[in-house]
Amino acid sequence: MPLKRIGVVGGGTMGQGIAEMLAAKGLEVLLVEKSPEKLAHTLDMITLSLDKQMERWALTEAEKKLILARIGFVLQLEELSGCDMVIETITEDLEAKKRVFAALDPVVRPDTVLASNTSTLSLTELAAATKTPERVIGVHFLHPVSKIALVEIVRGLKTSDDTFERTREFIDDTLEKKSIKVYESPGFITTRLIGTLINEAMHTLAEGVASAEDIDNAMRIGYDFRYGPLEMCDRFGLDSVLDSLERLFREYGDLKYRPSFLLKQMVRAGHLGVKTGEGFFRYDKDGDRI
């Protein structure tokens, strides 16, 4: 049975992008946040994203209205009872995510797929918070969701073949993205590899080898990256990158994952990247480089 009604738990950067992308594909979306203020902010950010697309003539006013009409904004997980799939996109906090999955398990239908957008956490551990671990799976979308065609589908220890196949069909056919199958491992593929690149870029900057601009240009122009590693870090959020690297360092014990002291300094100073307007570079309120 095709997955057509999708719940999204969390209205942060990734939740906004996923909800917008799903609605643009013609799917019905229900987005859950903890307060009316957070829901209003999420709606404002999705509307801003659509307005920027209209400015580039990538979207019409009618298409914008259709996309927004397909997204419902709700405050209770119980509202997701009729969803075919629920995608959790809250902060990378294991205990918080486990609470969400434990609360969702008795609320949704027995055939509902429970998915997490986690970039580093154990799907097996998240699934253990439910009574139906066979339907828990990872769907790791990359930022910006609408522009990146790749999704990592991550199998936990007890994820069933049926759950995987339904999810793969949804990603490949319904969303028209490219899925890759990943067996659970800290950082999966993308976070594990990009984390080491970003960390090494910060070591290079701290050693005075080159400026932030030139380090990013080296990778952006020389290797055809959309963004250089330092701007990537700004867009991911320096605090999120620090959390990911610390988790990889704990899991693997390998020094290559030990976070740069420069990253720690900047997080302590509150320079978190796009979300605060300043990181390795400066940004306006729309997230564009100044």
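Residues numbered from 1 in each chain as written. Predicted model: local features only at pLDDT ≥ 70, side-chain atom pairs only at ≥ 80, totals over all residues. Heavy atoms only, no water.

As named in an unreviewed UniProt entry, the protein is 3-hydroxybutyryl-CoA dehydrogenase, taken from Paenibacillus athensensis. Word for word, the UniProt comment on the protein under Sequence similarities (unreviewed entry) is "Belongs to the 3-hydroxyacyl-CoA dehydrogenase family." One UniProt comment on the protein, placed under Pathway (unreviewed entry), says "Lipid metabolism; butanoate metabolism." (UniProt positions renumbered as here; feature names shortened; annotations may be inferred.)

### Description of the side chain of Lys-177
Residue position: Lys-177 is located in the loop between helix H6 (161-174) and strand E8 (178-183). Buried Lys-177, no salt bridge; nearest opposite-charge side chain is Glu-176, N-O distance 9.4 Å. At a separation of 2.9 Å, a polar atom in the side chain of Lys-177 contacts the main-chain carbonyl oxygen of Ile-148. (Helix = DSSP H or I, 4+ residues; strand = E, 2+ residues; numbered from the N terminus. Buried < 20%, exposed > 50% of the residue type's maximum accessible area, 1.4 Å probe, protein only. Lys, Arg positive; Asp, Glu negative; His and termini not counted. Salt bridge = Lys/Arg side-chain N within 4 Å of Asp/Glu carboxyl O. Polar contact = N/O pair within 3.5 Å; in protein donor to acceptor, adjacent residues only side chain to side chain.)

### Thoughts on the sheet that holds strand E4 (residues 85-88)
Ordered by their spatial adjacency, eight strands build an open sheet running E3-E2-E1-E4-E5-E6-E7-E8, and the pairing between neighbours is mixed. The strands lining the two open edges of the sheet, one partner per strand, are strand E3 (71-74) and E8. Across this sheet, the average inter-strand angle for adjacent strands is 25°, counted without regard to direction. Both strand E1 (residues 5-9) and E4 contribute to a ladder of four bridges, which runs parallel. In the strand pairing of E4, Ile-6 is matched with Met-85. (Pairing = 2+ DSSP bridges. Axes fitted to C-alpha atoms, helices over the stretch in contact; angles between N-to-C directions.)

### Considering the UniProt feature "domain: 3-hydroxyacyl-CoA dehydrogenase C-terminal" (unreviewed entry) in the protein
UniProt records the feature "domain: 3-hydroxyacyl-CoA dehydrogenase C-terminal" (unreviewed entry) for residues 187-283 in the present numbering. Measuring from the first to the last C-alpha atom of residues 187-283 gives 28 Å, for a span that is 61% helix and 0% strand.

### Some words on the packing of helix H8 (residues 212-222) against helix H9 (residues 229-236)
Interhelical geometry of H8 versus H9 gives an angle of 100° and a closest axis separation of 7 Å. Considering the angle they form, H8 stands roughly perpendicular to H9. From H8, Ala-212, Ile-215, Asp-216 and Met-219 reach across to H9, where they touch Pro-229, Leu-230 and Glu-231. Classifying every residue of the contact of H8 with H9 gives five nonpolar, no polar and two charged. (Parallel < 35°, antiparallel > 145°, perpendicular 65-115°, else oblique. Contact = heavy atoms within 4.5 Å. Nonpolar A, V, L, I, M, F, W, Y, C, P; charged D, E, K, R; others polar.)

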